[in-house]
Amino acid sequence: MLILGFESSCDETGVALVDAGGTAPPRLLAHALHSQVQMHEAYGGVVPELASRDHVRRVLPLTRQVLTEAERTLAEVDLVAFTRGPGLAGALLVGSAAASALALALNRPVVGVHHLEGHLLSPFLSTDPPEFPFVALLVSGGHTQLMRVDGVGRYELLGETIDDAAGEAFDKSAKLLGLGYPGGPALARLAEFGDAQAFKLPRPLLHSGDLDFSFSGLKTAVRVQLGKLGSNVCEQGRADLAASTQAAIVDVLVAKSMAALKASGLRRLVVAGGVGANLRLRALLDEKCARRGVRVHYPELALCTDNGAMIALAAAMRVQAGLARPQAAGAFDVLPR
Ligand code: KG4
Ligand code: ZN
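All chains use their own residue numbering, which begins from 1 and follows the written sequence. Just so you know, chain letters begin at A and ligand numbers begin at 1, following the order they were written in. It should be noted that, the model being predicted, local features are given only for residues of pLDDT at least 70 and side-chain atom pairs only at 80 or more, the latter also being counted only at that level, while totals for whole chains, interfaces and linings use all residues. For side-chain calculations, the full set of non-hydrogen atoms in the structure is used, while hydrogens and water are omitted.

Rules: UniProt positions are given in the numbering used here, feature names are shortened, and annotations may be inferred rather than shown by experiment.
The chain is annotated in an unreviewed UniProt entry as tRNA N6-adenosine threonylcarbamoyltransferase from Rivibacter subsaxonicus. UniProt's Catalytic activity (unreviewed entry) comment on the chain is quoted here verbatim: "L-threonylcarbamoyladenylate + adenosine(37) in tRNA = N(6)-L-threonylcarbamoyladenosine(37) in tRNA + AMP + H(+)".

Below, the structure written as structure tokens:
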């Protein structure tokens, strides 16, 4: 089954063609991505109206690119998938409208996908796919959740952030450090040159005994430290603060993931979402999991952040599990929240 997937929930237009739904493991045939980072950079964050307009400009050229790369034609597509939400309403509507229009023209069904389910299932496209059941650490710009996953659609929330998401903690701290948007990768790059022990930053809820997270206090602690350093903080000071911030976020994510594995008795961990691209997080999880005999699975680095492949795959897996009935194109709907 060939699935054409569209992702347009925020600031990346993603289109992909995935071969999935049969007995063979799912295969990514081609994917294309356009990031709007440069366009939003000047504003320090995503401007929803600009995001929607750019998705409109990019979605069809990217679709052509994907089909050319995969050496397939539109007529061969069996199913069209799009991100139904959560995300920016106007941005979501672009992917939804493109998917519905193509499905209508091709007389093929469409499936709307929950963005987080796309992230969650994305490691199934990797060369080392997980098996159910597993614990999932879902860390994106908008969400931080620990889940027990027993199968497609069988998700039990074990804990989540009570305020900011991990990605938000990265982004907001990076902004304070003058690193612009999006801050996660920039902060991680600066942290490579810093000493993670240089500043004592809080590890919120580390010993709370539950599996919830809180990151809003960390951003305040970073602001206080920067205030103490003064306006002419040296480059090494900024790198040390970046490294200390990254360590504080990662330590909590790792400790709670380990606690979730222990509480559930499971020996498999899946990490998904943009923050899952963080190399310190990966290194620390690899080390702890190896010591405890836990297998840890990540999506391919390129599929950690938003992309169309995860949406196509999630649609196929849901259809195969009997959880999503492909709809005739027409009523294209989105669920921004
Ligand atoms: O999953 P994603 O692409 O979009 C959402 O669904 O939110 O996640 C984006 C988040 C941003 O907060 C970004 O700063 C963060 O993932 N991120 C990283 C890294 N790459 C992306 N955070 C830390 N280290 C990274 N290498
Ligand atoms: Zn995402």
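Next, the rest of the story.
1. Considering the UniProt feature "binding site: substrate" (unreviewed entry) in the chain
We apply this condition: For helices the rule is a DSSP run of H or I covering at least 4 residues; for strands it is a run of E covering at least 2, with both sets numbered from the N terminus onward. Only heavy atoms matter for contacts: two residues are in contact if any of them lie within 4.5 Å across the pair. A simple rule labels every residue: compare its accessible area, found with a 1.4 Å probe on the protein chains alone, to the largest value its type can have, and call it buried under 20%, exposed over 50%, or partly exposed in between.
In this structure's numbering, the residues bearing the UniProt feature "binding site: substrate" (unreviewed entry) are Leu138, Val139, Ser140, Gly141, Gly142, Asp171, Gly184 and Asn278. Among the secondary structure elements, Val139 is positioned in strand S6 (residues 134-139). Those residues in contact with Val139 that lie beyond four places of it in its chain are Thr144, Ala166, Leu253, Val271, Ala272, Gly273, Gly274, Val275 and Gly276. Its place among the elements puts Ser140 in the loop between S6 and strand S7 (144-151). Judged by relative accessible area, which is 9%, Ser140 ranks as buried. Setting aside anything within four residues of it in sequence, one finds Ser140 in contact with Leu116, Ala165, Ala166, Gly167, Glu168, Gly273, Gly274 and Val275.

2. A closer look at the site of ligand 1
Let me state the cut-off plainly: Note on definitions. A residue lies near a molecule or strand when any single heavy atom of the residue is within 4 Å of it. A 3.5 Å cut-off defines polar contacts: any pair of N or O atoms within that distance qualifies, except that in protein one atom must be a possible hydrogen donor and the other a possible acceptor, and neighbouring residues in sequence count only when both atoms are side-chain atoms. Areas reported as accessible are Shrake-Rupley estimates using a 1.4 Å probe. Residue values count occlusion only from the protein chains shown.
If you check the shell around ligand 1, you find 17 residues, and the closest are His119, Gly141, Asp171, Gly274 and Asn278. Gly141 is positioned such that a nitrogen or oxygen atom in its backbone is 2.7 Å from an oxygen atom of ligand 1. One of the side-chain nitrogen or oxygen atoms of Asp171 is found 2.6 Å away from an oxygen atom of ligand 1. Notes on ligand 1: free accessible area 560 Å², of which the protein chains cover 85%.

3. Here's the deal with the pairing of S6
Definition in use: Only strands that DSSP links by at least two bridges are regarded as paired with each other.
Within S6, six of the six residues are buried, leaving the element largely enclosed by the surrounding structure. Alternating positions in S6 separate into two faces, Phe134, Ala136 and Leu138 on one and Val135, Leu137 and Val139 on the other, with burial throughout. With six bridges connecting them, S6 and S7 associate as antiparallel partners. Bridged to Ala136 within S7 is Met147. As consecutive antiparallel partners, S6 and S7 are separated by four residues.

4. So, the state of the cysteines
By definition, a disulfide is the covalent link that joins the sulfur atoms of two cysteine residues. Defined as follows: Criterion for a disulfide: a pair of cysteine sulfur atoms at a distance within 2.5 Å.
On inspection of all chains with the given rule, the structure shows zero disulfides. Distance from the sulfur of Cys289, which forms no disulfide, to the nearest cysteine sulfur (Cys304) is 15 Å. By relative accessible area, Cys289 is classed as buried at 0%.

5. Describing the coordination of the zinc ion (ligand 2)
Metal coordination angles in their ideal form are 109.5 degrees for the four-donor tetrahedron and 90 or 180 degrees for the six-donor octahedron. For the record, the criterion: The donor set comprises N, O and S atoms within 2.8 Å of the metal, extended to 3.2 Å for Na, K and Ca; water molecules are omitted, so apparent gaps in a site may simply reflect that omission. A site with four donors is called tetrahedral when every donor-metal-donor angle falls between 85 and 135 degrees; four donors are called square planar, and six octahedral, when opposite donors sit more than 155 degrees apart and all other angles fall between 65 and 115; any other arrangement is irregular.
Coordination of the zinc ion (ligand 2) by the protein involves His115 (NE2), His119 (NE2) and Asp306 (OD), with metal-donor separations of 2.0 Å. Taken together, the four donor atoms surrounding the zinc ion (ligand 2) define angles of 94 to 132 degrees at the centre, an arrangement classified as tetrahedral. Each donor residue of the zinc ion (ligand 2) belongs to the same chain, with the gaps between them written as H-x3-H-x186-D. Remark: Asp306 occurs in the loop between strand S10 (295-297) and helix H10 (308-320) and His119 occurs in helix H4 (residues 115-121); sequence separation between them is 187 residues. When its relative accessible area of 1% is taken as the criterion, His119 is described as buried.

6. Concerning the UniProt feature "domain: Gcp-like" (unreviewed entry) in the chain
The UniProt record annotates "domain: Gcp-like" (unreviewed entry) at residues 28-312. Taken as a whole, residues 28-312 contains 47% helix and 18% strand, while its terminal C-alpha atoms sit 9 Å from one another.

7. Concerning the side chain of Ser126
Mapped onto the elements of the fold, Ser126 is located in the loop between H4 and S6. Its relative accessible area of 10% is what places Ser126 among the buried residues. A polar atom in the side chain of Ser126 sits 2.8 Å from the backbone oxygen of Pro123. In terms of polar contacts, Ser126 uses its side chain to reach the backbone amide nitrogen of Asp128, at 3.2 Å.

8. A look at the sheet that holds strand S9 (residues 268-272)
Cut-off, in case you're wondering: Here, axes are lines fitted to C-alpha atoms. For helices the fit covers the stretch in contact, and angles between N-to-C directions go from 0 to 180 degrees.
The strand order across the open sheet formed by five strands is S8-S7-S6-S9-S10, and the pairing between neighbours is mixed. Each of the sheet's edge strands pairs with one partner strand only, and the pair in question is strand S8 (154-160) and S10. Sheet twist, expressed as the average angle between the axes of neighbouring strands with direction ignored, equals 25 degrees. Most of the contacts of helix H9 (residues 279-291) go to S9, to which it runs at about 175 degrees, and overall it touches S9 and S10.

9. Quick look at H10
Put simply, the rule reads: Expected helix span is computed as 1.5 Å times (number of residues minus one).
Counted at 1.5 Å a residue, the expected span for H10 with its 13 residues is 18 Å, and the 19 Å between its end C-alpha atoms agrees. Turning to H10, its buried residues are Gly308, Ala309, Met310, Ile311, Ala312, Leu313, Ala314, Ala315, Ala316, Met317 and Arg318. On its buried face, H10 sits against strand S1 (2-7), strand S2 (12-19), strand S3 (27-35), strand S4 (79-85), strand S5 (109-114) and H4. Between the side-chain oxygen at the start of H10 and the backbone nitrogen of Ala309 there is a gap of 3.0 Å, and the oxygen is on Asn307. At the exit of H10 stands Gly322, carrying a positive phi of roughly 75 degrees.

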